[in-house]
Amino acid sequence: MILTPCGRRARIVSGALCAPLFCAAVGIAGAQNWPTGPLRIVVPFSAGGSTDIMARTMAQRLNEKLRQPVVVENRPGANGTIGTAYVAKSAPDGHTMLLVQPSFVSNPSLFRNLPYNQARDLAAVTNLASGPLVLVVHPSLPVTSARQLIALARAHPGEINFGSPGTGSISHLACELFNMMAGIKMTHVPYKGTGGALADMLSGQISFYAPNLFLSLSHIKAGRLRALGVTSPRRSPIAPELPTVDETGLRGYEATTWYGIFVPGATPRDLVSKLQQELAQVVHLPEVRERLTADGLIPLASTPDQFAEQVARETAKTTRIIQAIGIKAAD
């Protein structure tokens, strides 16, 4: 009779049941010896974006802490699914991580034949940090609050345009959620990235947008954009003068961005916990907390169970929005 490791369990080749005690021992030994070599943080987007910057911050500090090389590997394409599939099929040894943002929970509804199963092939490790978007209008639009925008949109259904970096992005879904909760109709204009959407927003080609708070704050302070409210449940420390959308007329509204770490789904639980503990210590370093806070983010470092529950909630919420607005899944 031969025992073979099989992710979280060990299977008896003769056909008997898996041996959980043996598997637990394998997991503990793996966690104690980890890491045994270089680590990779796969970013399923191009270099230079906010997800890439977060990955490089984590990589530098993990390298210093673990005394192992930590490489950031960009594998962009198909709204993040190419890089995600790569990690899902990687060895479950705790040395390959995936860093994603909210488009991760949209993809199961946007693509009919994903090359991975989100629930089975990836294990949640931690939500590193989260932060608000901000709902903004062009100054030419005669509104100063969510309540006033809702009234204007009801009087002119379909006539107000809103932009986003692309269909299914967090900015798109934040605006569609606003539509749904307010019972109004504004027209979506998708762009290929943030640059085009922001440029047309600043020029008045579109009237409504939900950008990252930190990246748009200079335009708000200069009067080029008018903020209606931040999308988080509480006001942001980097702009405490801005109310929440909930405060200004749409009760219960919330749509935040976040940055989370996953590993291959068969990674032993002990290794997942060990990795979470190391990442949590990095997130809570004073210099890292200071940088995240300055960027408008709230450091979190949630537990694997907490993050898994959040992902399940966000996936269900996103699915409802996508189905309600009639987006058809692509092949």
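Residues numbered from 1 in each chain as written. Predicted model: local features only at pLDDT ≥ 70, side-chain atom pairs only at ≥ 80, totals over all residues. Heavy atoms only, no water.

Peer 1: I'd love a proper account of the layout of surface pockets, names of residues and values included.
Peer 2: As a volume, the largest pocket reaches approximately 1000 Å³. For the largest pocket, the lining is made up of 40 residues, of which Phe-45, Gln-101, Pro-165, Ser-169 and Thr-194 are closest to its centre. Ranked by residues supplied to the lining of the largest pocket, first place goes to helix H2 (residues 50–66) with 3 residues. Considered class by class, the residues forming the lining of the largest pocket number 19 nonpolar, 18 polar and 3 charged. For the second largest pocket, the calculated volume is near 630 Å³. (1 Å grid on protein atoms, 1.4 Å probe; cavity = no way out; pocket = protein on both sides within 12 Å on 5 of 7 lines; lining within 4 Å. Points joined across faces, edges and corners; volume = space filled by probe spheres on them. Helix = DSSP H or I, 4+ residues; strand = E, 2+ residues; numbered from the N terminus. Nonpolar A, V, L, I, M, F, W, Y, C, P; charged D, E, K, R; others polar.)

Peer 1: Any chance you could break down the pattern of salt bridges for me, citing the residues and the numbers?
Peer 2: Tallied over the full model, the rule gives 11 salt bridges. Between Arg-120 and Asp-121 there is a salt bridge, with its nearest N and O atoms 2.8 Å apart. Residue Asp-121 is classed as buried on the basis of its relative accessible area, which comes to 17%. Between Arg-269 and Asp-305 there is a salt bridge, with the nearest N and O atoms lying 2.7 Å from each other. Note that Arg-269 is positioned in helix H10 (residues 269–283) and Asp-305 in helix H12 (residues 304–325), a separation of 36 residues in sequence. Residue classification places Arg-269 among the partly exposed residues on the basis of a relative accessible area of 38%. We classify Asp-305 as partly exposed; its relative accessible area is 43%. (Salt bridge = Lys/Arg side-chain N within 4 Å of Asp/Glu carboxyl O. Buried < 20%, exposed > 50% of the residue type's maximum accessible area, 1.4 Å probe, protein only.)

Peer 1: Give me the lowdown on empty space enclosed by the protein, citing residues and values where you can.
Peer 2: If you walk through the whole model with that rule in mind, you get 1 cavity of 30 Å³ or more. In this structure, the largest cavity encloses a volume near 30 Å³. As for the largest cavity, its lining consists of Pro-44, Phe-45, Asn-79, Gly-80, Thr-84, Val-100, Gln-101, Ser-103, Phe-104 and Asn-107. The residue makeup of the lining of the largest cavity, split by class, is 4 nonpolar, 6 polar and no charged.

Peer 1: Report on the sheet that holds strand S13 (residues 298–299), specifying residues and quantitative values.
Peer 2: Either a parallel or an antiparallel arrangement is found when strands of a sheet pair, and the pairing is made through backbone hydrogen bonds. Read from one edge of the open sheet, 6 strands run S4-S3-S5-S12-S6-S13, paired in mixed fashion. Only two strands of the sheet have a single neighbouring strand rather than two, namely strand S4 (70–74) and S13. As judged from the 5 bridges shared by strand S3 (residues 39–43) and S4, these two strands associate in the parallel manner. Paired with Ile-41 across the strands is Val-72, a residue of S4. (Pairing = 2+ DSSP bridges.)

Peer 1: If you had to explain unusual backbone geometry to someone new, which residues and values would you point to?
Peer 2: Going from Trp-34 to Pro-35, the amide bond is cis rather than trans, its omega being -5°. Turning to its location among the elements, Pro-35 is positioned in the loop between helix H1 (20–33) and S3. With a phi close to 55°, Ala-78 is a non-glycine residue in the positive phi region. Along the polypeptide, Ala-78 turns up in the loop between S4 and helix H3 (81–88). One non-glycine residue, Ala-301, lies in positive phi territory at about 55°. The buried category is assigned to Ala-301, whose relative accessible area is 10%.

Peer 1: Lay out the confidence of the model for the chain with the relevant residues and their values.
Peer 2: Mean pLDDT over the chain works out to 90, with 91% of the residues at or above the 70 mark. Here residues 1–27 is a poorly scored stretch, pLDDT under 50, and it has 35 contacts once near neighbours within four places are set aside; other chains count. (pLDDT = per-residue confidence, 0-100. Contact = heavy atoms within 4.5 Å.)

Peer 1: Which residues make up the pairing of strand S5 (residues 96–100), and what values go with them?
Peer 2: In summary, the side chains of a regular strand alternate between the two faces of the sheet. Counting buried positions along S5 gives 5 out of 5 residues, so the element sits mostly inside the fold. Every second residue of S5 is oriented toward a common face, with Thr-96, Leu-98 and Val-100 on one face and Met-97 and Leu-99 on the other, all of them buried. Relative to S5, S3 runs parallel, the two being bridged by 3 bridges. Each bridged residue has a counterpart across the sheet, and for Val-42 the counterpart in S5 is Leu-98. Pairing analysis gives 3 bridges linking S5 to strand S12 (residues 256–264), with the strands arranged antiparallel. Residue Val-100 lies in a different strand from S12, and its bridge partner there is Gly-260.

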